[in-house]
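Structural characterization, general
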Amino acid sequence: MKRTVVLKVNPMKPRIETIRVAARIIQNGGLVAFPTETVYGLGVDALNPKAVKNMFKAKKRPLDNPPIIHIADKNDVYMLAKRVPKKAEKLMDALWPGPLTLVLKRSKIVPDITVSGLGTVAIRMPKHKVALSLIWESKVPIAAPSANLAGRPSPTTAEHVLKDLDGRIDLILDGGPTRIGVESTVVDLTVNPPQVLRPGGTTYERLVKILGEVQLHPAAIADRRVRVLQARSPGMKHRHYAPRAKLILVEGTSIDKVVERVQELINEFADEGKKTGVLATEETAKRYKADVVKTLGSRKRLRTTAKGLFVCLREFDDDGVDIIVAEGLPLKGLGLAVMNRLRKASGYKIVKVED
Ligand code: TXA
Ligand code: MG
């Protein structure tokens with residue numbers, strides 16, 4: 001057991017003294033959780049194999065699922081990657097810093113453990129003052145997966161991090177709740193056309209606008225378990241984002257029919273004596289009768305639904321519900337990222353209602 005220290009930082013204007021305390025821990029091989037614009041990351045020196053190993057241990061993360069390397073200077077890409085295609089540079093210019101991770105061929109400088117022995121490396125430049133100044137002051141690229149225990153929803157507050165990792169890491173920089181609420185979009189640029197491996201904070205539409213042609217990996221938005229023989233993104237084959245309660249997702253284009261089916265399912269589980277929860281939207285929340293009803297946000301502003309997603313899933317656990325029935329959302333904008341997380345969290349227990 002370690003003692004985990006929590007230090008408050010102003011997300012807009014972090015004090016350099018606080019950042020330096022954290023940077024020294026990183027330089028000495030320690031573990032620091034910090035806020036980004038997406039979710040909190042658990043950072044270590046990406047070039048220190050021992051530190052990276054300790055990060056996997058603290059998270060109980062399988063060694064075959066590599067973290068993302070965070071940089072504060074675009075030029076560092078050329079140190080970490082062997083080849084940087086034109087299309088990657090286009091995305092870096094247009095969208096960095098921001099919620100976008102690029103998968104590129106790795107250079108020899110990156111230790112094997114940091115990339116789980118793969119020939120590629122995932123890199124991003126976060127858009128957050130605390131993250132950027134921490135990387136800057138540490139003077140090393142920072143490997144950081146989301147700062148949750150493996151299999152739990154990603155943390156969007158320092159409290160979430162503390163709940164999962166208290167006593168397992170050295171420091172948490174508490175910069176308040178994160179702005180976006182789901183993780184970065186992961187795009188593979190070692191293939192042509194580039195392929196989205198994980199939808200996230202940067203929308204698919206935005207990528208298409210910049211690059212023209214972009215593919216969505218079938219597993220990135222699958223509505224059933226797809227057999228990924230050679231998972232190009234190792235995260236695809238791990239169960240993710242799971243609350244403790246069982247989750248069922250109800251999808252359909254008619255909102256009225258979806259609401260009706262959600263309520264039917266809730267009634268069945270309530271009859272079995274289960275404590276029930278509904279993950280609803282602003283437009284529908286008042287129509288449900290269940291033990292707990294939570295509102296993700298408005299269907300008209302899918303961005304708000306992303307921000308509320310992991311908070312709601314964790315709250316359902318705190319409320320001790322046995323079963324969550326969630327409404328599906330449109331597969332556009334940030335809705336794509338939210339639906340990817342919900343489908344995975346359901347273990348693909350998806351009910352489709354016809355119009
Ligand atoms: O927004 C985010 O991306 C957050 C913050 C902290 O930056 N980080 C994050 O990290 O979500 P993590 O480790 O939870 O997710 C990283 C994802 C995993 O699905 C992993 O499999 C994938 O990136 N990944 C890492 N290296 C890869 C590689 N070389 N090729 C393909 N996928 C890779
Ligand atoms: Mg994660």
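So, here's what we can say about the structure.

Criteria and thresholds
Residues numbered from 1 in each chain as written. Chains lettered and ligands numbered in written order. Predicted model: local features only at pLDDT ≥ 70, side-chain atom pairs only at ≥ 80, totals over all residues. Heavy atoms only, no water. 1 Å grid on protein atoms, 1.4 Å probe; cavity = no way out; pocket = protein on both sides within 12 Å on 5 of 7 lines; lining within 4 Å. Points joined across faces, edges and corners; volume = space filled by probe spheres on them. Nonpolar A, V, L, I, M, F, W, Y, C, P; charged D, E, K, R; others polar. Buried < 20%, exposed > 50% of the residue type's maximum accessible area, 1.4 Å probe, protein only. Helix = DSSP H or I, 4+ residues; strand = E, 2+ residues; numbered from the N terminus. Arc of directions from axis to C-beta. Contact = heavy atoms within 4.5 Å. Polar contact = N/O pair within 3.5 Å; in protein donor to acceptor, adjacent residues only side chain to side chain. Patch = residues over 30% accessible without salt bridge, like charges linked within 9 Å, V, L, I, M, F, W, Y side chains within 5 Å. Areas by Shrake-Rupley, 256 points an atom, 1.4 Å probe, with all protein chains shown as cover. Salt bridge = Lys/Arg side-chain N within 4 Å of Asp/Glu carboxyl O. Lys, Arg positive; Asp, Glu negative; His and termini not counted. Charge placed at Lys NZ, Arg CZ, Asp CG, Glu CD. Near = heavy atom within 4 Å. Axes fitted to C-alpha atoms, helices over the stretch in contact; angles between N-to-C directions. Parallel < 35°, antiparallel > 145°, perpendicular 65-115°, else oblique. Left-handed = near helix turned anticlockwise from the far one by under 90°. Phe/Tyr/Trp six-rings, centres within 6.5 Å; stacked < 30°, edge-to-face > 60°. Lys NZ or Arg CZ within 6 Å of the ring centre and 35° of its normal.

**Digging into empty space enclosed by the protein**
Inspection of the entire model under this criterion finds one cavity of 30 Å³ or more. What the largest cavity holds in volume is close to 40 Å³. In terms of lining, the largest cavity is formed by Thr185, Val196, Pro199, Gly200, Thr202, Thr203, Tyr204, Gly333 and Leu336. Within the lining of the largest cavity, the residues separate by chemical class into four nonpolar, five polar and no charged.

**Some words on helix α2 (residues 49-59)**
Those residues of α2 not exposed but buried are Ala51, Val52, Met55, Phe56, Ala58 and Lys59. Burial along α2 is one-sided: seen end-on, the buried residues are contained in an arc of 165 degrees. Along α2, the residues that are exposed and aim more than 90 degrees away from the buried face are Lys50 and Lys57. Contacts from the buried residues of α2 go to β3 (41-45) and α6 (158-165). For α2, the side-chain oxygen to backbone nitrogen distance between the N-cap and Lys50 is 3.0 Å, and the N-cap itself is Asn48. Immediately beyond the C-terminal end of α2, within one or two residues, lies Lys60, with a positive phi of roughly 55 degrees.

**Notes on a positive patch on the surface**
A surface patch of positive charge is lined by Lys127, Arg179, Arg206, Lys209, Arg303 and Lys307. For the positive patch, the secondary structure elements donating two or more residues are α7 (204-211) and α9 (302-319). Considering the arrangement of structural elements, one finds Arg206 in helix α7. Residue Arg206 is classed as partly exposed on the basis of its relative accessible area of 46%.

**Let's talk about the pattern of salt bridges**
Scanning the model with the defined rule gives 23 salt bridges in all. Among the salt bridges present, the one from Arg124 reaches Glu37, with a minimum N-O distance of 2.9 Å. Taken together, the positions of Arg124 in strand β6 (residues 120-124) and Glu37 in the loop between β2 (32-34) and β3 put the pair 87 residues apart, joining distant regions of the chain. Looking at Glu37, the relative accessible area reads 1%, which means it is buried.

**Details of the site of ligand 1**
Of all residues adjacent to ligand 1, which total 27 residues, the nearest are Thr38, Asn65, His70, Ser184 and Gly235. One of the side-chain nitrogen or oxygen atoms of Arg61 is found 2.8 Å away from an oxygen atom of ligand 1. Arg124 places a polar side-chain atom, nitrogen or oxygen, 3.0 Å from an oxygen atom of ligand 1. Coverage of ligand 1 by the protein amounts to 98% of the 690 Å² it exposes when considered alone. Counting only elements with at least two residues in the shell around ligand 1, the list comes to β4 (68-70), β6 and β10 (195-198). It is β6 that contributes the most residues to the shell around ligand 1, four residues altogether. Among the residues forming the shell around ligand 1, the class breakdown is 13 nonpolar, nine polar and five charged.

**Examining the packing of α9 against helix α10 (residues 335-345)**
Interaxial distance between α9 and α10 falls to 8 Å at its minimum, and their mutual angle equals 30 degrees. In terms of axis orientation, α9 runs roughly parallel to α10. As for the relative orientation of α9 and α10, their crossing is left-handed in sense. On α10, the residues that touch Leu302, Thr305, Ala306, Leu309 and Phe310 of α9 are Gly335, Val338, Arg341 and Leu342. Tallied by class, residues from the contact of α9 with α10 come to six nonpolar, two polar and one charged.

**So, the packing of aromatic side chains**
The final tally for this structure, using the stated rule, is zero aromatic pairs. Across the ring face of Phe316, the terminal group of Lys294 is positioned such that the distance to the ring centre comes to 5.6 Å.

Any link to function would need more than the numbers given here.
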